[in-house]
Amino acid sequence: MAKLTDTSRIQLKKWDLTDADALSAIGNAVDRTFLSDRLPFPYTKEDADWWLNMIAEQEGKDGIFRAILLDNKIIGTISVEQKNDVYRQDAEIGYFLLVDNQSKGVMTEAVKQICEIAFAKLDIVRITGLVYEPNIASQKVLKKNGFVLEGTMKNAVIKNGKIQDLCIYGKLK
């Protein structure tokens, strides 16, 4: 797939309560191979409404939540959520993108943009990315954005009946 050369076509926008249909659509169409099992399937409008209401309360306080747009169309989601207790100055990044838009540089640009926003708006000193070891594409996205592999937790994840290692990436402010 060809990389996008015009990164201005990629934008992040705050989710709005009116985005429930778009969120539900991408939630049902996304490849779930490397996503958490807590993401509902089917992803209903009620699931989308719940998520959008929750993030409306959390936005800017302990998280940054954005829709990923390509040419003004929602094609994915990305967030940085601040942790609590002794981990409160760390935040975890998470994202997914519709398959047709993968391997084009979209997520690399989205991660760049959200890290800038998160470091500016949240009281954090680092962002952590947790990636299943077979997810080479996501590891590349993080590395291109200055994340460093800090370690690997052996046999830490079970997905689709297979036990996998979990790679821990970190980016400091």
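Above this text is the structure in question.
Attention here is on the structure that accompanies the text. (Residues numbered from 1 in each chain as written. Predicted model: local features only at pLDDT ≥ 70, side-chain atom pairs only at ≥ 80, totals over all residues. Heavy atoms only, no water.)

## Description of the layout of surface pockets
Our working definition: Detection works on a 1 Å grid of protein atoms alone, calling trapped sets that fit a 1.4 Å probe cavities and calling open sets with protein on both sides within 12 Å along at least five of seven lines pockets, with lining residues defined by an atom within 4 Å of a point. Grid points are joined across faces, edges and corners, and a volume is the space filled by probe spheres set on the points. Numbering of helices and strands runs from the N terminus, with a helix taken as a DSSP run of H or I at least four residues long and a strand as a DSSP run of E at least two residues long. Under the scheme applied here, ten amino acids are nonpolar (Ala, Val, Leu, Ile, Met, Phe, Trp, Tyr, Cys and Pro), four are charged (Asp, Glu, Lys and Arg), and all others, including Gly, are polar.
Looking at the largest pocket, its volume works out to about 1,500 Å³. Phe34, Leu35, Gly94, Tyr95 and Phe96 are the residues nearest the centre of the largest pocket, which is lined by 50 residues in total. Contributing elements (two or more residues each) for the lining of the largest pocket: helix 1 (20–29), helix 2 (45–58), strand 3 (73–82), strand 4 (90–97), helix 3 (106–121), strand 5 (126–132) and helix 4 (136–144). No other element matches strand 4, which puts six residues into the lining of the largest pocket. A class-by-class count of the residues in the lining of the largest pocket yields 24 nonpolar, 15 polar and eleven charged.

## Looking at the sheet that holds strand 3
Put simply, the test is: Pairing between strands is defined by DSSP: at least two bridges between the two strands are required. Working convention: axes come from line fits to C-alpha atoms, limited for helices to the stretch in contact. Angles between N-to-C directions cover 0 to 180 degrees. It only takes one pair of heavy atoms within 4.5 Å for two residues to be counted as in contact.
Within the open sheet, the seven strands sit side by side as 1-2-3-4-5-7-6. Their pairing is mixed. Across the chains shown, the open sheet's two edge strands, defined by having one partner strand only, are strand 1 (10–14) and strand 6 (148–159). In this sheet, neighbouring strand axes are inclined to one another by 30 degrees on average, regardless of whether the strands run parallel or antiparallel. Inspection of the sheet shows strand 3 paired to strand 4 by seven bridges, in the antiparallel sense. Of the residues in strand 4, the one forming a bridge with Ile78 is Tyr95. Contacts from helix 3 reach strand 1, strand 2 (63–70), strand 3, strand 4, strand 5 and strand 7 (162–172) within the one sheet, and its direction differs from that of strand 2 by about 150 degrees. Here helix 4 sits on the sheet in contact with strand 4, strand 5 and strand 7, set at roughly 160 degrees to strand 5.

## A word on the side chain of Asp19
We count it as follows: Each polar contact in these results corresponds to two N or O atoms within 3.5 Å; when the atoms are within protein, one needs to be able to donate a hydrogen and the other to accept it, and residues that are neighboring in sequence are counted only if both atoms are side-chain atoms.
Structurally, the position occupied by Asp19 is in the loop between strand 1 and helix 1. In this structure the side chain of Asp19 is engaged in a polar contact, spanning 2.6 Å, whose partner is the side chain of Lys13. Ignoring any residue separated from it by four or fewer positions in sequence, one finds Asp19 in contact with Lys13, Lys14, Leu52 and Ile74.

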